[in-house]
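Fold and geometry: a report
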Amino acid sequence: MTSWLVSPSLATGQNRRIELPGIDLWIIARVDKVFVYPSELNIDRFKDALARTLSIWPLIAGRFLLLDGDQYVIEMSDNPIPVTYADTNKLSAWPNDLYIVSELHQNPLEPYIDEVQVAKLISGSLDEPLFRLKLTCLMQSGEWILGVSWAHILGDAGALFHYLGTISRIYQQLEPLEPMPIFERRLWLEDEVDSSFLPLMKHLTHAGPLGEMFQLFGSWKDTHDHVNIRFSGDQLAKLRELAGGSQVTIQDSLSAYIILTLNKHCYNNDNRRHILRANTTVNFRGVSDTIAPIGHVSNAIFQMLSNNFEDPLSLTNIAKTIRRSIVQSRNSKFLETWLATADGLLRKIARDNLLANWDQFSNEIIINSNYRYDWVKFVDFGYTDQCRVYTAWTGPLYLRIFRLNPVRDNMTWLPRDRNGAEVAFRIEKNMKDRFIHAWKKDIEENFTNIC
């Protein structure tokens, strides 16, 4: 194993400090991903691309500090980023049948990631990097693996997507895509809080001590099974047509189909588990430049809880109800109040060493979609339609959605379905077979019995 410390090509941070609002204080959370390439990544070019990107993105080379007990900042101190390289014969070739989202307690990605030690960040750290990289060569197949570990305080998946895409483009000697990154954050005021919004954010109001939450998350493997299902681009287009056409999005109709299938085949006679509302992760960049402009490097996401479905057995009604909630979330006044209220809760969570509660709440489902981000295309380092992306973790009725990976048949890459999707979530053990059977039947019938 070999390691390097890669510094920014130009020291542009100059120790400037970016103060973080409460909505960015996901201190012990990380975003870990693995990308698999069919052949070599040139290490020297890779390190040069990283160094140049760090000069454009000095926040990533910073350190997370806690000042005076209640002020959280990232100091852009132009620190180097650790990059590790290893080769291995333990795996002859990357498995073609691996789903994008793996189970955390049986995580096959772990050997290929150098994890950010987020526990060291709880009180701030002058030493712990906020971003780590690991390169691994599979000696028998010649495939290369890029493992990425990103402290969530830097930003959400959208920020990471933009950052990794910049490294990939510079590696290919291409100009970074606009917009350029913006780091300054808006700080929220207590007089903007509205307690009537609290029922919309149960995952924050029901936060618990770290040990208690970790025990809860660990218990899911005993009560819930992992579900991974795939849809082609044509199948998603059909679902959208059935759900309302141009009045809804692909994601709205896919979410509605999952909810409908659960309600119809798993929870139809269970008033507590019957799904009546969707809690959707919404990206709010671009709603207002005073909140989060396009290009904002932050956690510019929040959970938008829909109204009750008037008909929880209607694909169209579910999809349109979700769409209305997302349209409402684009209202800047509503958004400002939601964020200010959540900001106070997240500051308390950070101060008291609590953890947000991602357990399933009665009659609700969580939708956290990456469908808008084509990781395969944007982080391909020149291997067009030959890069594959993977991650780990989901929870009970916590839907994670990604665009499909390309498929390799022996040594031949098949034409990529760029519009297809993979969905992962956990479901009660006694319900998994019911759900899978219903989904397979719908696929065979091309959704002719869905309405």
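Along each chain, residue indices are assigned from 1 in the same order as the chain's sequence is written. Side-chain atom pairs in this predicted model are given and counted only at pLDDT of 80 or more, local residue features only at pLDDT of at least 70, and totals for whole chains, interfaces and linings cover all residues. The side-chain figures draw on all heavy atoms in the structure; neither hydrogens nor water molecules are used.

Things to note about the packing of helix α6 (residues 250–265) against helix α7 (residues 315–329)
Interaxial angle, 0 to 180 degrees, is taken between N-to-C directions of lines fitted to C-alpha atoms, where a helix line uses only the stretch in contact. What counts as a helix is a DSSP run of H or I of at least four residues, what counts as a strand is a run of E of at least two, and both are numbered from the N terminus. As a packed pair, α6 and α7 sit with axes 8 Å apart at the nearest point and diverge in direction by 130°. For the element pair α6 / α7, the angle class is oblique. You can see that α6 and α7 cross each other, and the crossing is right-handed. Of the residues in α7, those touching α6 at Asp252, Ser253, Ser255, Ala256, Tyr257, Ile259 and Leu260 are Leu315, Ile318, Ala319, Ile322, Arg323 and Ile326. For this classification, Asp, Glu, Lys and Arg are treated as charged, while Ala, Val, Leu, Ile, Met, Phe, Trp, Tyr, Cys and Pro are nonpolar and the rest, including Gly, are polar. Of the residues belonging to the contact of α6 with α7, the class tally is 9 nonpolar, 2 polar and 2 charged. Relative orientations are named as follows: roughly parallel for angles under 35 degrees, roughly antiparallel for angles over 145 degrees, roughly perpendicular for angles from 65 to 115 degrees, and oblique for any other angle. Crossing handedness: left-handed means the near helix sits turned counterclockwise from the far one by under a right angle, and right-handed means the same turn made clockwise. Contacts are residue-level and defined by heavy atoms, with any inter-residue pair within 4.5 Å sufficient.

Overview of the packing of aromatic side chains
Geometry of aromatic contacts follows a simple scheme: Phe, Tyr and Trp rings, the Trp one being its six-membered ring, pair when their centres are within 6.5 Å, and the pair is stacked under 30 degrees between planes, edge-to-face over 60, tilted otherwise. If you walk through the whole model with that rule in mind, you get 30 aromatic pairs. When the ring of Phe161 is compared with that of Tyr373, the centres are 5.0 Å apart and the planes differ by 40°; the resulting orientation is tilted. Here the residue Phe161 occupies a position in helix α2 (residues 157–171), and Tyr373 occupies one in the loop between β15 (364–369) and α9 (375–378), the gap between them amounting to 212 residues. A relative accessible area of 13% places Phe161 in the buried class. Only protein chains enter the accessibility calculation, which uses a 1.4 Å probe. A residue is then buried if its area is under 20% of the maximum for its type, exposed if over 50%, and partly exposed in between. Tyr373 gets classed as buried once you look at its relative accessible area, which sits at 11%. Following the ring pairs from residue to residue traces out a cluster consisting of Trp26, Phe217, Trp220, Trp358, Trp393 and Tyr398. In this scheme, Lys NZ or Arg CZ marks a charge over a ring once it lies within 6 Å of the ring centre and within 35 degrees of the ring normal. Sitting above the plane of the Trp375 ring, Lys33 keeps its charged end 4.8 Å from the centroid. The ring of Tyr371 carries the charged tip of Arg403 above its face, separated from the ring centre by 4.0 Å.

Concerning the pairing of strand β11 (residues 224–231)
Burial within β11 is extensive, with 6 of its 8 residues counted as buried. Paired strands are those between which DSSP finds at least two bridges. Strand direction decides the pairing type here: β11 and strand β20 (residues 421–428), joined by 8 bridges, are antiparallel. Its bridge partner lying in β20, His226 is registered against Arg426.

Distances and angles like these do not, on their own, reveal function.
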